[in-house]
Amino acid sequence: MANAASGMAVHDDCKLKFLELKAKRTYRFIVFKIEEKQKQVVVEKLGEPTQSYEDFTASLPADECRYAVYDFDFVTEENCQKSRIFFIAWSPDTSRVRSKMIYASSKDRFKRELDGIQVELQATDPTEMGLDVIRSRAS
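Residues numbered from 1 in each chain as written. Predicted model: local features only at pLDDT ≥ 70, side-chain atom pairs only at ≥ 80, totals over all residues. Heavy atoms only, no water.

Of the regular secondary structure elements, the protein chain holds four helices and seven strands. Starting at the N terminus, the α and β elements of the protein chain follow one another as β-β-α-β-β-α-β-β-α-β-α. For 139 residues, the compact-globule formula gives about 14 Å, and the C-alpha radius of gyration of the protein chain, at 15 Å, lands near that figure. Across its three principal directions, the C-alpha atoms of the protein chain cover 45 × 30 × 20 Å. (Helix = DSSP H or I, 4+ residues; strand = E, 2+ residues; numbered from the N terminus. Rg over C-alpha atoms; globule rule 2.2 N^0.38 Å.)

Okay, structure coming up:
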């Protein structure tokens, strides 16, 4: 189990599931949660490959912070099928200040544990991570 600079550990399962998403495309998305009592980042939810971006955004709580990884498939202007792995730091305005601080201070360390992230997004409300934003950042 890796130890984050903020004192947050990263559960091994986080890295294993991310590797499965990246290498085998076993999941469409992964939502990670910080368990404050155990002081560690854990996997909260796994999205099946058939699930949509709407399913992904619906799995993020409206008033709690989360980290998430999303495997975005798209077609380029040259008609090539491509994929980008997004890291999303979800920190809604309505979440607790303490929670925002913990997630902010642990983010870079946690992100380093997940080797292969291509695009990072910070979102405080759903419009900041809409599908149009994802599309524009993917290309």
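With respect to the helices, strands and loops of the structure, C65 is situated in the loop between helix 2 (53-58) and strand 5 (66-75). Residue classification places C65 among the buried positions, given a relative accessible area of 1%. (Buried < 20%, exposed > 50% of the residue type's maximum accessible area, 1.4 Å probe, protein only.)

So, about the nonpolar core. Across soluble globular proteins, nonpolar side chains have a tendency to be buried as a group. F32, Y67, V69 and F110 are the most contacted members of the largest nonpolar core, which has 20 residues in total. Broken down by secondary-structure element, the contributors of at least two residues to this core are helix 1 (12-24), strand 3 (29-35), strand 5, strand 6 (81-90) and helix 3 (97-113). Other than its neighbours up to four places away in sequence, V69 contacts F18, L21, R28, F29, I30, F32, I85, F86, F87 and L114. In this structure, F72, I88, M129 and A138 belong to the second largest nonpolar core, which totals 18 residues. (Core = buried A, V, L, I, M, F, W, Y, C linked by side-chain atoms within 4.5 Å. Contact = heavy atoms within 4.5 Å.)

The next subject is the pairing of strand 3. Of all seven residues in strand 3, five are buried, a share of seventy percent or more. Where strand 3 meets strand 4 (residues 40-47), seven bridges bridge the pair, whose relative direction is antiparallel. When the bridges of strand 4 are listed, F32 appears paired with V43. The antiparallel hairpin formed by strand 3 and strand 4 contains four residues in its connecting segment, where K39 sits at a positive phi of about 55°. In this structure, strand 3 lies alongside strand 5, joined through four bridges in antiparallel fashion. Among the inter-strand pairings, F29 is bridged to a residue of strand 5, identified as Y70. (Pairing = 2+ DSSP bridges.)

Just distances and angles here, no functional claims.
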